[in-house]
Amino acid sequence: MIMKRIIVYISIAIAAMTGMSACGEKYLDIQNENGLSTGVFWKTEDDINAGLNAVYGMFYRQGTWTRNIYTQLNGMADDGVSYAGWTELNEWTKFKYTNYNFGEGQVKMWREHWTAINRANQVLDHIDDENISFSSEANRNDLKGQALWLRSFYYYYMVALWDNVPLLLKTSSASDQPSNSTPDEVFTQLESDLTEAIGYLPLRRDADKARPTKGAAYGLLAKIYAQHHNWTKAAECLRWIIEGEGKGIYSLVPNWQDNFSNKKEDNSESLYEIQFSLCNYVGFDQTDNYRDANAQLGTQIEVNQSPKGEGWNNVEANRWIVEYFKREKTTSGTNDPRLFYSCWYSNAETDFPEHPNQIIYNKTWSQYNYSDNDNNRVFIKKYSTDVYPLYYWNDNNFRSIRLADMLLLYAECLNEINKGPNATAVECVNRVRTRVGLPTLQNSNYYNGSSITSNYNEFKEHLKIERGLELAFECVRWIDLKRWGFDETTLRDIQKRDADFNNFIIGKHERLPLPQRDVDNNPNLEQNPNY
């Protein structure tokens, strides 16, 4: 496996970036000969590269893609639930926000998303400096496209979590007191940035897979346009991926489970993956040391969602996922294989006799000796590995954007544009279904396919099921729920599947509260509505 070359440079870049602060008092404004400052940095192409690598370094933080964002996004959605022993942690997925400054989830996620955005802004503030010589203009543009993509990526998730965040496009200073921006304002900026990035990024990368390509930019832009309900623009991006130039690059892999294996990374289905590595095989929470040259570059997704009795068990699956998967049989009469590779649960051996002697971290289900209540729980298998004993970290890349998501999103956009599914929309859904052995939607052995494929509302509602099963526990469902919107009818429907939504208040819980200490310290920053 090519190890994600930028990881080699991330620790050095982080150390450089964290040293870029200046003292307010003139007599303290002295160059530290042992560190770097803006006075001596941002002079060369290598400096730009180091600054950009420091943005990538923010993937490896507890508040971003090492740990906490999985609990928050999957736990808030109706496919996930938290029974974490840390009460405040699980309450934050149940719309019970008593401490707006909750450190483990809220503050870390807020702080580290802003750090990533500010680092990207530093790169963008200097990359067009005419005094910096680049090996080629194409290389300068590539680096600029990456910075625009990374900033857009982090803003996309900030809006998913908090909605009304400040829109900062320049390097921040301690005296800044930015005001809120609306999701509409943020999305409009991201759409402009990613359109620009598409013109800079290459079509493919033979190495350095950690860096986005043109396809990754089209994919992220499509997601943003869809959240913005600009179905026509989203469809244009998705058409490039599915029917245009991207058609020769991206394809569904034959074995669905390969998308979540650390042995099948960067495959043909992936538009973008966050690269993880165990090259620094160190202890528990060493990622929090921003200056540590040996900081961990792995992910804690596995230990975070492991079954009770293994790891932390901070987030798990809601039971309805199992029941919905079992509604339909494959054309060969077996259960949907995605269920086997998505969930651990008590009846899995009965449901999948083709997989005898099922082992969960070197034990069978019965060897865990669960209580009757725990026997009804469903644990997340997706992104697990065959490691034993379970370690704090693994090196399984997170697939942030994959083709199956794009196909189902394209079907949704076409249904919205045409006020009903056309042949292409139905074909996109069928490509996802038949890949795992299910019949086409028209020939479904459970759903009324002829009615669904000819009716706007029925197709729209059915896509919620298709997306829920295909993309379960991939930090997608919460964003989907926000795009589809909450009203009294939809809320009652969700409550049948997820009791956590009994706490949900329309007009309030579509977003998290902002950290109160930031609101208190900034007179221009308003707390989110109804908090």
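Above this text sits the structure in question.
Owing to the predicted nature of the structure, the values given are computational and were not obtained by experimental measurement. (Residues numbered from 1 in each chain as written. Predicted model: local features only at pLDDT ≥ 70, side-chain atom pairs only at ≥ 80, totals over all residues. Heavy atoms only, no water.)

Engineer: An account of unusual backbone geometry is requested, with residue identities and associated values reported.
Structural biologist: Backbone torsion omega between Tyr 388 and Pro 389 reads -5°, so that peptide bond is classified as cis. Not every positive phi belongs to a glycine, and Phe 95 is a case in point at roughly 65°. Turning to its location among the elements, Phe 95 is positioned in the loop between helix 4 (87-91) and helix 5 (103-126). The backbone phi angle of Asn 357 is positive, close to 55°, even though this residue is not glycine. Within the secondary structure, Asn 357 sits in the loop between helix 13 (348-351) and strand 5 (379-380). Here Asn 357 falls in the exposed class, since its relative accessible area comes to 64%. (Helix = DSSP H or I, 4+ residues; strand = E, 2+ residues; numbered from the N terminus. Buried < 20%, exposed > 50% of the residue type's maximum accessible area, 1.4 Å probe, protein only.)

Engineer: Outline the pairing of strand 2 (residues 270-274), listing residues and values.
Structural biologist: Burial within strand 2 is extensive, with five of its five residues counted as buried. One ladder, built from four bridges, connects strand 2 with strand 6 (residues 398-402); its direction is antiparallel. Of the residues in strand 6, the one forming a bridge with Ser 270 is Arg 402. (Pairing = 2+ DSSP bridges.)

Engineer: If you had to explain the environment of Asp 336 to someone new, which residues and values would you point to?
Structural biologist: Considering the arrangement of structural elements, one finds Asp 336 in the loop between helix 11 (320-325) and helix 12 (337-342). For the pair formed by Asp 336 and Leu 438, sequence separation is 102 residues and the distance between their alpha carbons is 7.2 Å. Every residue in contact with Asp 336, bar those within four places of it in the chain, is listed here: Phe 325, Glu 328, Thr 330, Phe 352, Val 436 and Leu 438. (Contact = heavy atoms within 4.5 Å.)

Engineer: Describe the layout of surface pockets, with residues and values.
Structural biologist: The calculated volume of the second largest pocket comes to roughly 510 Å³. If you trace the second largest pocket, you find 23 residues lining it, with Tyr 341, Lys 381, Ser 384, Thr 385 and Asp 386 closest to the centre. (1 Å grid on protein atoms, 1.4 Å probe; cavity = no way out; pocket = protein on both sides within 12 Å on 5 of 7 lines; lining within 4 Å. Points joined across faces, edges and corners; volume = space filled by probe spheres on them.)

Engineer: Tell me what's going on with the environment of Thr 213, and back it up with residues and numbers.
Structural biologist: The topology assignment puts Thr 213 in the loop between helix 7 (183-200) and helix 8 (214-227). What makes Thr 213 buried here is its relative accessible area of 11%. Along the sequence, Thr 213 and Leu 271 sit 58 residues apart, while their C-alpha atoms lie 7.9 Å from each other. Leaving out residues up to four positions away in the same chain, Thr 213 has contacts with Leu 201, Pro 202, Leu 203, Arg 204, Arg 205, Tyr 250 and Leu 271.

Engineer: An account of the side chain of Asn 314 is requested, with residue identities and associated values reported.
Structural biologist: Secondary-structure assignment places Asn 314 in the loop between helix 10 (301-304) and strand 3 (316-317). When its relative accessible area of 11% is taken as the criterion, Asn 314 is described as buried. Ignoring any residue separated from it by four or fewer positions in sequence, one finds Asn 314 in contact with Thr 71, Ser 82, Tyr 83, Ala 84, Leu 89 and Asn 304.

Engineer: So what's going on with the packing of helix 7 against helix 8? Residues and values would help.
Structural biologist: Across the interface, helix 7 lies against helix 8 with an axial gap of 9 Å and an inter-helix angle of 160°. The angle between helix 7 and helix 8 falls in the class roughly antiparallel. For the crossing formed where helix 7 meets helix 8, the hand is left-handed. In contact with Phe 187, Leu 190, Glu 191, Leu 194, Thr 195, Ile 198 and Gly 199 of helix 7, helix 8 contributes Lys 214, Ala 217, Tyr 218, Leu 220, Leu 221, Ile 224, Tyr 225 and Gln 227. Residue classes in the contact of helix 7 with helix 8 are distributed as 10 nonpolar, three polar and two charged. (Axes fitted to C-alpha atoms, helices over the stretch in contact; angles between N-to-C directions. Parallel < 35°, antiparallel > 145°, perpendicular 65-115°, else oblique. Left-handed = near helix turned anticlockwise from the far one by under 90°. Nonpolar A, V, L, I, M, F, W, Y, C, P; charged D, E, K, R; others polar.)

Engineer: Can you break down helix 6 (residues 137-162) residue by residue, with the values?
Structural biologist: Taking 1.5 Å of rise per residue, 26 residues should cover 38 Å, and helix 6 covers 37 Å from first to last C-alpha, within 8% of that figure. In terms of burial, helix 6 is largely enclosed, as 22 of its 26 residues are buried. Directly beyond the C-terminal end of helix 6, a positive phi value near 65° is found at Asp 163. (Expected span 1.5 Å × (residues − 1).)

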